[in-house]
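# Geometric and topological summary
Below, each chain spelled out in residue letters.
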Amino acid sequence: GPGIANVYEFLETQHPEKVDPEFHDKFVAAAHDKKPQLVAENAASCELCDEAMNVFAGAFGSEAGVAGLKWMPFGGLFLTGGLTPKNIDRIKNPDGAFMTAYYDKGRVSPYLLDIPLYAVMVEDLGERGAHWKAVAMIKEMGWDKPSTLARAMSGVQSFTGAVRGL
């Protein structure tokens, strides 16, 4: 997310000789929430963008490795969120910044070899999980039966009409 833009801006200050003036103008003009995407999309043609993406991948990989050691999920560590599918090539590259940082844990690195690493290629996993849990709770409470739902909803008034009138 926004950290990618922050890394790019830092690299610009550290390496002004590598700044691509054309990209810089686009970056400065872009809306704040569009800057990370702009950096990622230009990584193939902009040296500082590529470096910013490598810094991001290294930080992500390092944190994933720490999570693996903290929780020891021998059934697998699942990388989720919007950044995972968008950066899968950087993540799965065995010689890239992500995997290098993932396994760079000193004497405890071998433990990570026993933890499968999975990339979840959908961006709405959180919403899917919340939906699944809500349906399970509804069924557990018996609210999936019309008579039970009617009893549970008795005394509940809709106020959407009042909201629309605002």
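## Some details on the packing of aromatic side chains
A full pass over the atoms with the stated rule returns 8 aromatic pairs. Geometrically, the ring pair formed by Tyr8 and Phe23 is edge-to-face, given 5.2 Å between the ring centres and 80° between the ring planes. In this pair, Tyr8 sits in helix α1 (residues 2-14) while Phe23 sits in helix α2 (residues 21-29), placing the two residues 15 residues apart along the sequence. A relative accessible area of 0% places Tyr8 in the buried class. The exposure class of Phe23 is buried, given its relative accessible area of 3%. By way of ring pairs, the aromatic residues Phe56, Phe60, Phe98, Tyr102 and Tyr103 are connected into one cluster. Here the basic side chain of Lys35 rests over the ring of Phe27, its NZ or CZ set 4.8 Å away from the ring centre.

## Quick notes on the packing of α1 against α2
Direction vectors running N to C along α1 and α2 enclose 135°, while the axes themselves pass 13 Å from each other. With respect to α2, the element α1 is oriented oblique. With respect to the hand of their crossing, α1 and α2 are arranged in left-handed fashion. For the pair formed by α1 and α2, the contact residues are Ala5, Tyr8, Glu9 and Glu12 on the first element and Phe23, His24 and Phe27 on the second. A breakdown of the residues in the contact of α1 with α2 according to their chemical character gives 4 nonpolar, 1 polar and 2 charged.

## Quick look at the nonpolar core
The biggest cluster of nonpolar side chains holds 27 residues, and the ones touching the most others in it are Tyr8, Phe23, Phe27, Val39, Cys49, Phe98 and Tyr102. Among all residues touching Phe23, those that are not within four sequence positions of it are Tyr8, Leu38, Val39, Asn42, Cys46 and Cys49.

## What to know about the pattern of salt bridges
What the rule picks out here adds up to 4 salt bridges. One salt bridge in this structure joins Glu47 and Lys18, with 3.4 Å as the shortest N-O distance. Of the two residues, Glu47 is situated in helix α4 (residues 47-71) and Lys18 in the loop between α1 and α2; the sequence distance between them amounts to 29 residues. A salt bridge links Arg128 to Asp124; its shortest N-O distance comes to 2.9 Å. Taking relative accessible area as the criterion, Arg128 reaches 46% and is therefore assigned partly exposed. Asp124 sits in the partly exposed class, given a relative accessible area of 31%.

## Quick look at α1
Its 13 residues give α1 an end-to-end C-alpha distance of 19 Å, which sits within 8% of 18 Å, the value for a rise of 1.5 Å per residue. Those residues of α1 that sit buried are Ile4, Ala5, Tyr8, Leu11 and Glu12. For α1, the angular spread of the buried residues around the axis is 120°, confining them to a single face. Structural note: α1 exposes Pro2 and Thr13 on the side pointing more than 90 degrees away from its buried face. Buried-residue contacts for α1 involve α2, α3 (35-41), α4 and α5 (83-86).

## Observations regarding the side chain of Lys35
Note on placement: Lys35 falls in helix α3. Although Lys35 is buried, it makes no salt bridge; Glu9 carries the closest opposite charge, 4.2 Å away. When residues no more than four places from it in sequence are discounted, the contact partners of Lys35 are Ala5, Glu9, Phe27, Val28 and Ala30.

## Concerning the packing of α1 against α4
For the pair α1 and α4, interaxial distance at closest approach is 9 Å and the crossing angle is 130°. It follows from the interaxial angle that α1 and α4 lie oblique. As α1 packs across α4, the resulting crossing turns out to be right-handed. Taking contact as the criterion, the partners of Ile4, Val7, Tyr8, Leu11 and Glu12 in α1 are, on α4, Leu48, Cys49, Glu51, Ala52, Met53, Val55 and Phe56.

Here is what the cut-offs are and how they apply
- Residues numbered from 1 in each chain as written.
- Predicted model: local features only at pLDDT ≥ 70, side-chain atom pairs only at ≥ 80, totals over all residues.
- Heavy atoms only, no water.
- Phe/Tyr/Trp six-rings, centres within 6.5 Å; stacked < 30°, edge-to-face > 60°.
- Helix = DSSP H or I, 4+ residues; strand = E, 2+ residues; numbered from the N terminus.
- Buried < 20%, exposed > 50% of the residue type's maximum accessible area, 1.4 Å probe, protein only.
- Lys NZ or Arg CZ within 6 Å of the ring centre and 35° of its normal.
- Axes fitted to C-alpha atoms, helices over the stretch in contact; angles between N-to-C directions.
- Parallel < 35°, antiparallel > 145°, perpendicular 65-115°, else oblique.
- Left-handed = near helix turned anticlockwise from the far one by under 90°.
- Contact = heavy atoms within 4.5 Å.
- Nonpolar A, V, L, I, M, F, W, Y, C, P; charged D, E, K, R; others polar.
- Core = buried A, V, L, I, M, F, W, Y, C linked by side-chain atoms within 4.5 Å.
- Salt bridge = Lys/Arg side-chain N within 4 Å of Asp/Glu carboxyl O.
- Expected span 1.5 Å × (residues − 1).
- Arc of directions from axis to C-beta.
- Lys, Arg positive; Asp, Glu negative; His and termini not counted.

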